[in-house]
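Given next are the chains, with one letter for each unit.
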Amino acid sequence: MKNTIGTSIQLTVFGESHGPAVGAVLDGLAPGISVDEAFIASWLSRRRPSGRTDTARVEKDEFRILSGVCDGHTTGSPLTIVIPNADTRGSDYAAIQDIARPSHADYAAQAKYHGFQDKSGGGHFSGRVTAGIVAAGAVCLKALERRSIFVGTHILSCGGVTDEAFGPDCEAQICSLEGRPFPVLSDVAGAMEDRIAEARSCGDSLGGIIQTAVSGMPAGVGEPWFDSLEGVISRAVFAIGGVKGIEFGRGFGFGSLRGSEANDPFRMCDGRVVTLTNNSGGINGGISNGMPIVFNMAVRPTPSIALPQQSVDFVRGTDAELRIKGRHDPAIVRRICPVVTCMVAAVLCDQLALRFGTDWLAG
């Protein structure tokens, strides 16, 4: 089982949904990076369930930093963060532990781990594990902000309701998301929440499209071919359960354009190279070009729904009908936004350390 990503700065996640704790380790951070525990807590609060569109399972996420930090700064040794699980109910899954929940990892995990995997609430495959990503990613976000690099994610569309997209001045838009319990840029939160609540009342769930932007990224970061910046971001994002598609810039929209419409013309502005449009999403040849990095992700509807579903008992080898009980999100698009932001922050710190050296992040 591979649980580590990164080359110069590595992120490792651990834990299970209903185990004692989840958490993360950041290895390779330079000494001297500021670690603000209140900032980490604020990002964990963005991921935490908080309303009618979220699960009833509410963890306090009272994390502990076990190593790698002294007097509010990194020491250069592995930074380990543990987040205890307190609101666990593994018994909710006892009756269905051998029945594959459609579109969950249950059967695939059984085929790979032969029944030794933790089955309660998805075990290590659970979205609960993303709490560790958020805690570690918040450390990376703070380091990026010291270099005037900002990362933000919002819900672009859900249930037929559409938010405005990130524009050229995305730093201001990213900052506008601060303190918003529902991450949208315009006044559409109530309409989206209504659509999610309607799906929940029917025993169903919703998916959506989320959008991430990175402002302030210097040009020249990334590699051509197999370690392209799009590639390493995509690899990280696809590790997050529920993400099933990604496009950079105009993405699939390029398929209906001519070259004269798709190309981004270059100009000089205040002594730096810029493009008049950003159809490429800030990346050319796998390398950042200095414009905002912008990409969209498709998030599937939450697989755990209350409606009856056809399935199989993979231990007894029989067909089965499944009715899922327990506490589940009718849509994960709100809570996945801080997870993506923090995951991308970790990836960017790794890429920047590879380009400029680890001490660059310490400022």
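In the block above lies the structure referred to throughout.
Note that the structure is a prediction, hence the values are computed from the model and not measured.

**Student:** I'd like a description of the overall build of the protein, backed by residues and values.
**Tutor:** Helix and strand counts for the protein stand at eight helices and 18 strands. The C-alpha radius of gyration computed for the protein amounts to 21 Å, which stays within 12% of the reference 21 Å derived for 363 residues, consistent with globular compactness. Across its three principal directions, the C-alpha atoms of the protein cover 65 × 50 × 35 Å. Expressed as a percentage of the 363 residues in the protein, the buried residues total 50%. On the protein, the mean spot of the 33 positive side-chain charges and the mean spot of the 38 negative ones are 3 Å from each other.

**Student:** Describe in detail the sheet that holds strand β2 (residues 10-15), supporting the description with residues and values.
**Tutor:** In any sheet, the strands associate via hydrogen bonds between backbone groups, in a parallel or an antiparallel arrangement. What the five strands build is an open sheet, ordered β1-β2-β3-β7-β4; its pairing is antiparallel. Strand pairing shows two members of the sheet lacking a second neighbour, β1 (4-5) and β4 (64-67), which therefore form its edges.

**Student:** Outline a nonpolar patch on the surface, listing residues and values.
**Tutor:** Taken together, the side chains of Phe-266, Met-268 and Val-273 present a nonpolar region at the surface, about 320 Å² in accessible area. Tracing the sequence through the fold places Phe-266 in strand β12 (residues 266-269).

**Student:** Requested: an account of the nonpolar core, with residues and values cited.
**Tutor:** Counting residues in each nonpolar core, the largest one holds 79 residues, and the members touching the most others are Leu-26, Leu-144 and Phe-295. With 15 residues, the top contributor of residues to this core is helix α8 (residues 333-356). Among all residues touching Leu-144, those that are not within four sequence positions of it are Ile-149, Val-151, Ala-345, Leu-348, Cys-349, Leu-352 and Leu-361. Of all hydrophobic cores here, the second largest spans eight residues; its members include Phe-150, Cys-170, Leu-177 and Val-294.

**Student:** Lay out the sheet that holds strand β10 (residues 208-215) in plain terms, naming residues and giving numbers.
**Tutor:** Spatial ordering of the open sheet is given by β9-β8-β10-β16-β11, a layout of five strands whose pairing is antiparallel. Lying at the two open borders of the sheet, with one neighbouring strand each, are β9 (161-162) and β11 (243-248). Relative to β9, strand β8 (residues 150-158) runs antiparallel, the two sharing two bridges. Across the sheet, the residue bridging to Ser-157 is Thr-162, located in β9. Each of β8, β10, β11 and β16 (293-299) touches α8; the most contacted strand, β8, lies at about 150° to it.

**Student:** Which residues make up helix α2 (residues 106-113), and what values go with them?
**Tutor:** By the burial criterion, the buried members of α2 are Asp-106, Ala-109 and Gln-110. Here the buried residues of α2 occupy an arc of 105° about the axis, which is enough to place them on one side. Turned more than 90 degrees away from the buried face of α2 sit Tyr-107, Ala-108 and Lys-112, all of them exposed.

**Student:** I'd like a rundown of the layout of surface pockets, residues and numbers included.
**Tutor:** Regions of empty space are outlined by a rolling probe, equal in size to a water molecule, passed over the atoms. What the second largest pocket holds in volume is close to 520 Å³. Lining the second largest pocket are 27 residues, and of these Gly-167, Pro-168, Asn-278, Pro-292 and Val-294 sit closest to its centre. Among the elements of the structure, α4 (170-176), β10, β13 (272-275) and β16 are those that each provide at least two residues to the lining of the second largest pocket. A class-by-class count of the residues in the lining of the second largest pocket yields 11 nonpolar, 12 polar and four charged.

Rules used in this analysis
Residues numbered from 1 in each chain as written. Predicted model: local features only at pLDDT ≥ 70, side-chain atom pairs only at ≥ 80, totals over all residues. Heavy atoms only, no water. Helix = DSSP H or I, 4+ residues; strand = E, 2+ residues; numbered from the N terminus. Rg over C-alpha atoms; globule rule 2.2 N^0.38 Å. Buried < 20%, exposed > 50% of the residue type's maximum accessible area, 1.4 Å probe, protein only. Lys, Arg positive; Asp, Glu negative; His and termini not counted. Charge placed at Lys NZ, Arg CZ, Asp CG, Glu CD. Pairing = 2+ DSSP bridges. Patch = residues over 30% accessible without salt bridge, like charges linked within 9 Å, V, L, I, M, F, W, Y side chains within 5 Å. Areas by Shrake-Rupley, 256 points an atom, 1.4 Å probe, with all protein chains shown as cover. Salt bridge = Lys/Arg side-chain N within 4 Å of Asp/Glu carboxyl O. Core = buried A, V, L, I, M, F, W, Y, C linked by side-chain atoms within 4.5 Å. Contact = heavy atoms within 4.5 Å. Axes fitted to C-alpha atoms, helices over the stretch in contact; angles between N-to-C directions. Arc of directions from axis to C-beta. 1 Å grid on protein atoms, 1.4 Å probe; cavity = no way out; pocket = protein on both sides within 12 Å on 5 of 7 lines; lining within 4 Å. Points joined across faces, edges and corners; volume = space filled by probe spheres on them. Nonpolar A, V, L, I, M, F, W, Y, C, P; charged D, E, K, R; others polar.

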